[in-house]
Amino acid sequence: MPDPANTVLRVALPVPLPRLFDYLPPPPLIADESWIGRRVRVPFATNELIGLVAAVGPAENPELALKTVFALLDDAPLLSGEALDTLRWAARYYHAPLGEVFATALPAPLRAGQPLPETRAYAWRLTVDGTAAVDSLRRNSATRRLADRLRAGALSEDRLDQEFDGWKTPARSLAKRGLIERVPATDADAVANHVRSQAFSLNPEQAAVGEFVRAALGRFQPILLEGVTGSGKTEVYLQAIGECLARGRQALVLVPEIGLTPQTLQRFRARLGVPVHVLHSALSDGERARAWTAMHRGEGHVLVGTRSAVFTPLPNAGLIIVDEEHDGSYKQQDGMRYHARDLAVVRARALAVPVLLGSATPSLESLHNALAGRYAHLRLSQRAGVARPPRVRVLDVRKRPLTHGLSNDVFVAIAACLERGEQILVFKNRRGYAPVLLCHDCGWSAQCARCDAAMTVHAGGRSLLCHHCGSRRSRPLSCPDCASLALQPQGFGTERLEEALAERFPEATLIRVDSQSTRVKDGLEKKLKELGDAAGILVGTQMLTKGHDLPRLTLVCVVGIDEGLFSADFRAGEKLSQLLIQVAGRAGRAALPGEVLLQTHHPEHPLLNTLLAGGYPAAAALELAQREAAQFPPYAAMALLRAEAGNEGDMKNFLLAAHEQFAGGDALLTISAPLPAPMPRRAGKARGQLLLTSAQRPALQSALGDWLPRVAELKLARKVRWSLDVDPMDLY
Ligand code: ADP
Ligand code: ZN
Ligand code: ZN
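For every chain, the first residue of the written sequence is number 1, and numbering continues from 1 along that sequence. Whichever chain is written first becomes A and whichever ligand is written first becomes 1, with later ones labelled in order. For a predicted model such as this one, the threshold for reporting local features is a pLDDT of at least 70, and the threshold for listing and counting side-chain atom pairs is 80 or more; totals across whole chains, interfaces and linings nevertheless cover every residue. With hydrogens and water stripped out, all remaining heavy atoms of the structure feed into the side-chain values.

Asks: How should I be thinking about the overall build of the chain in this particular structure?
Replies: Secondary structure is summarised from DSSP: a helix means a run of H or I of at least four residues, a strand means a run of E of at least two, and numbering begins at the N terminus for each. Helices and strands together make up the secondary structure of the chain, namely 22 helices and 33 strands. For 732 residues, the compact-globule estimate of 2.2 N^0.38 gives 27 Å, and the chain sits close to it at 28 Å. Judged by the C-alpha coordinates and their principal axes, the chain covers about 85 × 80 × 55 Å. Working definition: with a 1.4 Å probe on protein chains only, accessible area under 20% of the residue-type maximum means buried, over 50% means exposed, and in between means partly exposed. For the chain, buried positions account for 53% of its 732 residues. Using a 1.4 Å probe, the Shrake-Rupley method yields the accessible areas, and only the shown protein chains count as cover for residues. Here the chain displays about 32600 Å² of accessible surface, and carbon together with sulfur accounts for 52% of that area. For the purpose of charge, His is not counted, nor are the chain termini; Lys and Arg are scored as positive and Asp and Glu as negative. One atom stands in for each charge, and that atom is NZ of Lys, CZ of Arg, CG of Asp or CD of Glu. Between the centroid of the 86 positive side chains of the chain and the centroid of its 76 negative side chains there is a distance of 3 Å. For the radius of gyration, the atoms used are the C-alpha atoms, and the globule rule reads 2.2 Å times the number of residues raised to 0.38.

Asks: Whenever I open this one, the site of ligand 1 confuses me. Can you help?
Replies: Nearness is defined per residue: one heavy atom within 4 Å of the molecule or strand is enough. Taken together, 17 residues form the shell around ligand 1, and within it Gln 206, Gly 232, Lys 233, Thr 234 and Arg 267 come nearest. By the criterion applied in these results, polar contacts are pairs of N or O atoms within 3.5 Å in which, for protein atoms, one can donate a hydrogen and the other can accept it, and in which residues neighboring in sequence qualify only through two side-chain atoms. In the environment of ligand 1, an oxygen atom lies 2.8 Å from a nitrogen or oxygen atom belonging to the side chain of Arg 267. Among the residues making up the shell around ligand 1, the classes are represented as 4 nonpolar, 8 polar and 5 charged. Gly falls in the polar group here, along with every residue not listed as nonpolar (Ala, Val, Leu, Ile, Met, Phe, Trp, Tyr, Cys, Pro) or charged (Asp, Glu, Lys, Arg).

Asks: Is there a simple way to think about the packing of helix α5 (residues 142-150) against helix α7 (residues 168-176) in this case?
Replies: A pair of packed helices is captured by two measures, namely the crossing angle of their axes and the spacing between those axes. It is at 9 Å that the axes of α5 and α7 come closest, and there the two elements cross at 80 degrees. Considering the angle they form, α5 stands roughly perpendicular to α7. On the side of α5, the interface is formed by Ala 142, Thr 143, Leu 146 and Ala 147, while α7 contributes Pro 170, Ala 171, Ser 173 and Leu 174. Under this scheme, a helix contributes an axis fitted over its contacting stretch, all axes are lines through C-alpha atoms, and angles between N-to-C directions fall in the 0 to 180 degree range. For this classification, under 35 degrees means roughly parallel, over 145 means roughly antiparallel, 65 to 115 means roughly perpendicular, and everything else is oblique. By definition in these notes, contact holds between two residues if any of their heavy atoms fall within 4.5 Å.

Asks: What's the story with the coordination of the zinc ion (ligand 2) in this structure? I'm lost.
Replies: Donor atoms (N, O, S) are those found within 2.8 Å of the metal centre, with the cutoff raised to 3.2 Å for Na, K and Ca; water is not part of the atom list, so apparent gaps in a site can occur. Within the first shell, the zinc ion (ligand 2) binds the protein through Cys 439 (SG), Cys 442 (SG), Cys 479 (SG) and Cys 482 (SG), at distances of 2.2 to 2.4 Å. Every donor residue of the zinc ion (ligand 2) comes from the same chain, spaced as C-x2-C-x36-C-x2-C. Taken together, the residues span a long stretch of sequence, with Cys 439 in strand β20 (residues 436-439) and Cys 482 in the loop between β23 (472-474) and β24 (487-490) at a distance of 43 residues.

Asks: Would you mind going over helix α15 (residues 408-419) with me for this structure?
Replies: Side chains of residues three or four places apart in an α-helix project in the same direction, reflecting 3.6 residues per turn. By this rule the span expected of a helix is its residue count minus one, scaled by 1.5 Å. Compared with the 16 Å implied by 1.5 Å per residue over 12 residues, the 16 Å span of α15 between its first and last C-alpha is a close match. Taken as a whole, α15 has its buried residues at Val 410, Phe 411, Ala 413, Ile 414, Cys 417 and Leu 418. The arc that holds every buried residue of α15, seen down its axis, measures 165 degrees, which confines them to one face. Turned more than 90 degrees away from the buried face of α15 sit Val 412 and Glu 419, all of them exposed. This arc corresponds to the set of directions leading from the helix axis out to the C-beta atoms.

Asks: Which parts of the structure should I look at to understand the pattern of salt bridges?
Replies: Where charged atoms from two side chains of opposite charge come close, those side chains can pair. Within this document, salt bridges are pairs made up of a side-chain nitrogen of Lys or Arg and a carboxyl oxygen of Asp or Glu, the two lying within 4 Å of each other. Applying the stated criterion across every chain yields a total of 40 salt bridges. The partner of Glu 365 in a salt bridge is Arg 571, and the shortest N-O contact between them spans 2.9 Å. Here Glu 365 is found in helix α14 (residues 364-371), whereas its partner Arg 571 is found in the loop between α18 (562-565) and α19 (572-584), with 206 residues between them in sequence. The residues Glu 365 and Arg 571 share a single accessibility class, namely buried.

Asks: Which parts of the structure should I look at to understand the pairing of strand β13 (residues 317-322)?
Replies: The buried fraction of β13 amounts to 6 of the 6 residues, a majority that puts the element mostly inside the structure. Any two strands with at least two DSSP-identified bridges between them are counted as paired. Pairing analysis gives 3 bridges linking β13 to strand β14 (residues 354-359), with the strands arranged parallel. Residue pairing for β14: Ile 320 is matched across the bridge by Val 355. The handedness rule is simple: strands pointing away from the viewer, and a clockwise path from the first strand over the helix to the second, make the crossover right-handed. Each parallel crossover has a hand, and for β13 linked through helix α13 (residues 340-351) to β14 it is right-handed.

Asks: Looking at this model, I keep getting lost on a nonpolar patch on the surface. Mind explaining?
Replies: Residues enter a patch when their relative accessible area is above 30% and they make no salt bridge; the linking distance is 9 Å between like charges and 5 Å between nonpolar side chains (Val, Leu, Ile, Met, Phe, Trp, Tyr). There is a patch of nonpolar side chains on the surface, built from Val 392, Val 394 and Leu 612 and spanning about 200 Å² of accessible area. Counting through the fold element by element, Leu 612 comes out in helix α20 (residues 606-630). When its relative accessible area of 37% is taken as the criterion, Leu 612 is described as partly exposed.

Asks: Looking at this structure, I do not really get the side chain of His 296. What am I missing?
Replies: Counting through the fold element by element, His 296 comes out in helix α12 (residues 285-296). A distance of 3.4 Å separates a polar atom in the side chain of His 296 from the backbone oxygen of Leu 78. When near neighbours in sequence (up to four residues on either side) are disregarded, His 296 contacts Pro 77, Leu 78, Leu 116, Pro 313 and Pro 315.

Asks: Can you walk me through unusual backbone geometry in this structure?
Replies: Most of the time, phi is negative for any residue but glycine, and the peptide bond is trans. Here the bond from Pro 27 into Pro 28 is cis, since omega is 5 degrees, no more than 30 degrees from zero. Note on placement: Pro 28 falls in the loop between β2 (21-23) and β3 (39-44). Of note in the backbone geometry, Ala 352 takes a positive phi value of approximately 55 degrees without being a glycine.

Asks: Hey, could you run me through the coordination of the zinc ion (ligand 3) in this one?
Replies: Around a metal, the perfect tetrahedron of four donors has angles of 109.5 degrees, and the perfect octahedron of six donors has angles of 90 or 180 degrees. All of the protein donors around the zinc ion (ligand 3) are Cys 448 (SG), Cys 451 (SG), Cys 466 (SG) and Cys 469 (SG); their distances to the metal are 2.2 to 2.3 Å. Think of it this way: with four donors and all angles in the 85 to 135 degree range, the site is tetrahedral; with four or six donors, opposite ones beyond 155 degrees and the rest between 65 and 115, it is square planar or octahedral; otherwise it is irregular. Taken together, the 4 donor atoms surrounding the zinc ion (ligand 3) define angles of 104 to 113 degrees at the centre, an arrangement classified as tetrahedral. Sequence positions of the donors to the zinc ion (ligand 3) reduce to the motif C-x2-C-x14-C-x2-C. Taken together, the positions of Cys 451 in the loop between β20 and β21 (456-458) and Cys 469 in the loop between β22 (463-465) and β23 put the pair 18 residues apart, joining distant regions of the chain.

Structure (C-alpha cells):
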C-alpha cells in the first residue's frame, strides 16, 4: 500500500512530449490504482487540459511543488484491461507520447472531457389513440405513412433513420397529438420486422473456412483469408459473426474507408439480427461517441468501422475481422502513424480471439506471415454463386491512334456493352482533366509555386489545381515563358475521359466518380441509385473498386496504368497488382459474364505478364522475391524520420544533428544519410528524411527507444516539424 500522502497522479496529456505529468488528487480524495484509466481536468501552463491517469505512485521528483487536478471526470475507468494495455503497447511501438495515443483512440467528445453519452436507444410506437386514428389520417401524407409503418410495432430511431427519410417532422406532429410516443428501445425493436436476409448455404470452400474459424473461437489465431473478388468472403464473415454472437461475444469488423457504404451496412444489418454499430469519419462526433460507448459498456454486439475503430474497447470480444486487409486506408498518415490491421492482430492476441484478415490481394506483409507459418492461410479460389471470373484482354496501344487517351477497341467494346443494356466502368486513377499543362513550343509546364510538382488541369482545362497543397490558379492564356498560345493539357484524368465519352456516346448515362464529384454526403450513393439497373458508363478512380455491388457492370476498361509500372516506390508493384485485380473484380459479379480491357503501352512488362498468367498469387510471389533480394519489408523493418521546415537549412541541419545522435549503427541496423524527400518541397516547406532499416525488428525498436529522446532534445527540433513513421507505407 503506497503512502497516500505520497501518491500522485501520473497523467498522460495530449501534448507532443514523451512523458507523463504529475498532479495531486483533488482533496479530500486519495488516489489509488482504481484511478488508472479515468480522465482528469488539469491546469497546464496557462491553460487546462483533459488527461488520462496512466499510473499512480510516488512523485517522480519529490522536490517539485505539484499542482492539483481540477476535477476527476469519471467514476469508473474509461480505459482498462486490454484496451489500456493495447494503447500502451502502441505508444511504445510507434514511439508516440501516451497522451497523444489516448487522444487518437478516444472519440472527440470524450477527449474533450464530456461525460459518456447516453447509449440507450429509443423507439417510437403508436399509442392506443394512435392505433385507432391511423385510418383517419390523410392518405399519402407523411404522418399517415409513418403511422402505417408503426402499425406492425415499435421502430427504433436507428431504423427510422435508415428506412424513413425525414421521419422526424411527421413524428413531432403525431406526438403532439398524442398519437405516437417515444419509448426506450430494446434490441428487438432495432431489428423488428426487419427484412431479414437468409444465409446462403456455404459452398465447400466457404464451409471449410467457416469451420476453421468456429474451431478457433476462444483463442488467438490469425487467419489470412485469400479469396478472389466475389468468392463469398463477406458471406463467411457474416456466418462467423453469427457464431460469435451465439456465444454472447462482441465482434469488431474493420473495413476500408471507401468500403463502408450504406450497401455494406445494409447487408450486415439485414443478416445479423442485432443492432450493428458504426464508426467512421462521416458520422457526427456524437454518433461516434455513442458507438464507442455502447461497445465499451458491452451493450453493443457488433461494430463495423474504419481505421480508428480498432481502438474501441471490447470487454467481451469474440472475433476481429479486417476486410480488404491490404488496403492503404488502414494506415494513419499523420499524428500517431499506426496501422489498424497490425493493431487488430496485436489486440486479437491480447484478447485471445481469432483475427480474420480477408482480401483478394493480400498485403505482402500478411502473405509473408502466412508463409512463415505465423498465420493460417485459407483460400477461396472460386467465385460464389453463379458469377464466373472475367475475361482479361490486353490492348497494346503502341502506335495506335488514341482519342483523348482512349483506343478504338475501347470505344467499340463500350458501344457493344451499351447496346446490350449493361454497365461499363472506365478506370483511371487520376482525377482532374489532365495531369500537366504543357507549352508545345518551348516545353514550359505549369508547376505549383509551393511544391515540386506539376499542377493538375481542372474544369475542362480552365483552371489549375495542385493536388498536394491545394493551391489554385486560373490557367494562363499564353505561355509565361515564350508567350506562345500553344498551351496543351497533357495526359488524361477522369474529367477529360468523361468529356471524351460524352462526345462519343451523347445518349448514354455517364457518371463520374472521384473524390471531387462525390464530395457531398452520400453523393456516390445517390448517383448509383439514379443509374440503377440501366445501361450507362461510370468513369472513375479507385473509389469504385469496393463496397458497391454493381450486378449489371460487365465491362471494365483500365486505361493508363503505365505510370504505376515505372514508379520508384518499392511498394509500387504490389499496389498496382492489387489495384488491377480489385478493379478487374468489378466486372461480372453476378450472372452476366464480365470482361476486362487493359490498355497499355507496355504489354511486355514482366509484372503485367506475371499478373495475367498467374494472377495475384504469382505477382505477389515475384514481388516478395524482389523484396527479399533487396532486403525491403517484410524482410526488414523500417522507420522513417521525416522533417520539414520553411527554411531548408534548418531542416538539413536538424537531420544532420539527428544523424549524429544515432549511435550503434552496425551490420544489423543502418541509418541513411539525410535524404531529400521524393517531393523535396511541398506547400512551401523543404522536406527531408532519415531512413532506418534493420533485418531485426527488436534491434530497430530498441535503437529508436534510445535515439528519439535525444532527437527530441535537439535545439533544432523546435524549429522544424518532425515525426517518426514506424513501418512507413510510403517513403515520402
Ligand atoms: P466477397 O466478399 O468475397 O467479394 P461476397 O460475400 O460479397 O464476396 O459474395 C459475392 C456474391 O456471391 C454476393 O452476391 C453473395 O450474395 C453471393 N454468395 C456468396 N456466398 C454464396 C453462396 N454460398 N451461395 C450463393 N451465393 C453466394
Ligand atoms: Zn512556351
Ligand atoms: Zn502545391
